[in-house]
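Chains, contacts and geometry: an overview
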Amino acid sequence: MEQPYEVPLQTLNTTRHKCSACYKQYNKKEHLIEHMKTSNHSVHDPKCGACNKHCKSFESLREHITGPLSKANCSSIFAERGCTLCLKICGSVDSLNEHKEMCHLTTPRPIDTVEMLNSEYEVDISSGNGSIRSQEAVAIDCEMVGCGSDGSLDYCARVCLVDEEERLIFHTYVQPQLPVTDYRYEITGITEENLRDAMPLNEVRQRILQILYNGESIARARLNGGRANVLVGHNLAHHLDCLVMAYPDRLLR
């Protein structure tokens, strides 16, 4: 008797491609490659001392190990031998105690504040003229959320400026121009509540430019810099693009 034809079972392809830095996973390798091109992971990114995951900022690292959605294993290790100031995880409780005697970092500022240090800076928002005395460089960092149907479009949702002494000059949440479809909470630490009363992008851009140009005219700044500040940061071109902002190339680092 002829045996019935058997259709071979096909196993589903469940291969996932994981980023070795932030551990994001993708179904297709080309998506992983695109992620690595745009994420610009750096050896200078703060890393979790337990799992070595890269985080975009110390705030997102803090959320990763102590936040409401923190990783259980990392959280338990940090609770046992982690420094609450610099977020370093030591090899033992004894080494943690020795580390705490030397760690003198200040307590992090609240992340939902907008601050201008008027004791050190003179910024007149109403007149459009700003001046930062005896400062030559300003560092900027932005946190991006995902917009669009698949959350792949980067839109700025938070921006922070500090001076050469790492003192806070300006910090605010930014209202994205499109509805947010991915808050990227594990990386950004940003929630829907943070953006509820966020500052409009146009106002954010105006304040940043007032600080950077330092009362200098745009023409003078483009010619020889004048009193305008040097802007320092990682992946500046992408940050300026997301802020829809231009700044003289000669003043970028």
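Bear in mind the structure is a predicted one, so any value in this text is a computation, not a measurement. (Residues numbered from 1 in each chain as written. Predicted model: local features only at pLDDT ≥ 70, side-chain atom pairs only at ≥ 80, totals over all residues. Heavy atoms only, no water.)

As for helix 2 (residues 58-66)
- All of the buried residues in helix 2 are Ser60, Leu61, His64 and Ile65. Viewed end-on, helix 2 has its buried residues packed into an arc of 130°, placing them on one side of the element.
- Contact partners of the buried residues in helix 2: helix 3 (72-81) and helix 5 (185-188). (Buried < 20%, exposed > 50% of the residue type's maximum accessible area, 1.4 Å probe, protein only. Helix = DSSP H or I, 4+ residues; strand = E, 2+ residues; numbered from the N terminus. Arc of directions from axis to C-beta. Contact = heavy atoms within 4.5 Å.)

Some remarks on a negative patch on the surface
- A grouping of Glu136, Glu164, Glu165 and Glu166 is seen on the molecular surface, where their side chains present a negatively charged patch.
- Within the secondary structure, Glu165 is located in the loop between strand 6 (153-162) and strand 7 (168-173).
- Classification of Glu165 as exposed rests on a relative accessible area of 57%. (Patch = residues over 30% accessible without salt bridge, like charges linked within 9 Å, V, L, I, M, F, W, Y side chains within 5 Å. Areas by Shrake-Rupley, 256 points an atom, 1.4 Å probe, with all protein chains shown as cover. Salt bridge = Lys/Arg side-chain N within 4 Å of Asp/Glu carboxyl O. Lys, Arg positive; Asp, Glu negative; His and termini not counted. Charge placed at Lys NZ, Arg CZ, Asp CG, Glu CD.)

Brief notes about the pattern of salt bridges
- Tallied over the entire structure, the rule returns 6 salt bridges.
- A salt bridge links Glu203 to Arg207, with the nearest nitrogen and oxygen atoms 3.0 Å apart. Here Glu203 pairs with Arg207, and both are found in helix 6 (residues 201-213), just 4 residues apart, close to one helical turn.
- Assessed through its relative accessible area of 31%, Glu203 is described here as partly exposed.
- Taken together, the shared-partner salt bridges in this structure form one network comprising Lys53, Lys71 and Glu186.

Here we look at the confidence of the model for the protein
- Scored by pLDDT, the protein comes out at a mean of 77, with 77% of its residues at no less than 70.
- When pLDDT is averaged over each element of the protein, strand 6 comes out on top at 90 and strand 4 (residues 129-132) at the bottom at 40.
- Here residues 107-135 is modelled with pLDDT under 50, and outside its nearest four sequence neighbours on either side it reaches 63 contacts, counting other chains as well. (pLDDT = per-residue confidence, 0-100.)

Here's the deal with the nonpolar core
- By size, the foremost hydrophobic cluster in this structure holds 28 residues, and its most contacted members are Ile140, Val159, Leu161, Phe170 and Ile208.
- Contributing elements (two or more residues each) for this core: strand 5 (137-147), strand 6, strand 7, helix 6, strand 9 (230-232) and helix 8 (236-242).
- The greatest single-element share of this core, amounting to 6 residues, is contributed by helix 6.
- Core analysis: the next-biggest nonpolar cluster, separate from the first, contains 9 residues, Leu61, Ile65, Phe78 and Ile89 among them. (Core = buried A, V, L, I, M, F, W, Y, C linked by side-chain atoms within 4.5 Å.)

Thoughts on the pairing of strand 7
- Among the 6 residues that make up strand 7, 6 are buried, leaving the element largely enclosed by the rest of the structure.
- Taken together, the 5 bridges between strand 6 and strand 7 define a ladder with antiparallel strand orientation. Pairing of Val159 across the sheet is with Thr172, part of strand 7.
- Counting the residues in the hairpin turn of strand 6 and strand 7 gives 5 residues, including Glu166, whose phi is positive at 65°. (Pairing = 2+ DSSP bridges.)

Overview of unusual backbone geometry
- Even without being glycine, Glu166 reaches a positive phi, approximately 65°.
- If you trace the backbone, Glu166 turns up in the loop between strand 6 and strand 7.
- Positive phi, close to 60°, is recorded for Asn235, a residue that is not glycine.
- Mapped onto the fold, Asn235 is located in the loop between strand 9 and helix 8.
- Judged by relative accessible area, Asn235 falls into the partly exposed class, the value being 25%.

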